[in-house]
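# Chains, contacts and geometry: an overview
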Amino acid sequence: MTVLARFCRGMLSTLVTLLPLGLGQVGLADEHRITGEGIGAFVVEDGKVDPDTYDGYIVYTRSCMACHGPDGLGSSFAPNLIRAVERRGWENFAGTIASGREVQPGQVMPSFADDPYVMGNIPKIFSYLRARGEGGLGRGRPKIIESMQEPDAEQGEQDEEKDEAAEEASAE
């Protein structure tokens, strides 16, 4: 294990106490929600998610999907992360990302300690995978709950919908 990997793994416990997600104040239906300010909090409502869980999906897709398959379901050489999150919990999950893991000879989970994009988003990846496993979030790219979107994101989504409608109209 590299010195940087050890340092990052040691910093994870500090990260747990310093990274409030702030999802507890949201006034939404309680049916699919792990609330509070702790790691792994998420909100799923009608298949839509809070912004941090959405960001977790994006990070997962960019950095984890190549090995662990779409939607966290695993592949022929990397495990199902939805089940791993349920079994192992936050500290083990984050520690594995930071320091890597040798599953068996020749099958290795690499360390992401040198990747600030992944290291800075571990809590969001964890929330996304928990939402998939515990919160009824289906497969595919989720949308953000409208009441939780930032104004710029809402405008971008409206523009995207207009573009799609224009493409459909021109195709007819």
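These remarks concern the structure in this document. All of these numbers come straight from a predicted model, not from anything done at the bench.

Thresholds applied
Residues numbered from 1 in each chain as written. Predicted model: local features only at pLDDT ≥ 70, side-chain atom pairs only at ≥ 80, totals over all residues. Heavy atoms only, no water. Helix = DSSP H or I, 4+ residues; strand = E, 2+ residues; numbered from the N terminus. Buried < 20%, exposed > 50% of the residue type's maximum accessible area, 1.4 Å probe, protein only. Pairing = 2+ DSSP bridges. Axes fitted to C-alpha atoms, helices over the stretch in contact; angles between N-to-C directions. Parallel < 35°, antiparallel > 145°, perpendicular 65-115°, else oblique. Contact = heavy atoms within 4.5 Å. Nonpolar A, V, L, I, M, F, W, Y, C, P; charged D, E, K, R; others polar.

### Observations concerning unusual backbone geometry
A positive phi angle, close to 55°, is found at D46, a residue other than glycine. Mapped onto the fold, D46 is located in the loop between β2 (42-45) and β3 (48-49). Relative accessible area serves as the criterion here: at 67%, D46 is assigned to the exposed category. The backbone of D71 shows a phi angle near 65°, a positive value even though the residue is not glycine. Relative to the helices and strands, D71 resides in the loop between α3 (65-68) and α4 (81-99).

### Some points on the pairing of β2
With 2 bridges connecting them, β2 and β3 associate as antiparallel partners. Residue pairing in the sheet places E45 in a bridge with K48 of β3. The hairpin turn running from β2 into β3, its antiparallel successor, is 2 residues long, and D46 in that turn takes a positive phi close to 55°.

### Considering the packing of α4 against helix α6 (residues 122-134)
Relative to each other, α4 and α6 sit at 170°, their axes nearing to 9 Å. With respect to α6, the axis of α4 lies roughly antiparallel. Between α4, through L81, I82, V85, E86, G89, W90, F93, A94 and I97, and α6, the contact on the second element is made entirely by I122, P123, I125, F126, L129, R130, R132, G133 and E134. Its residues assigned to classes, the contact of α4 with α6 shows 12 nonpolar, 2 polar and 4 charged.

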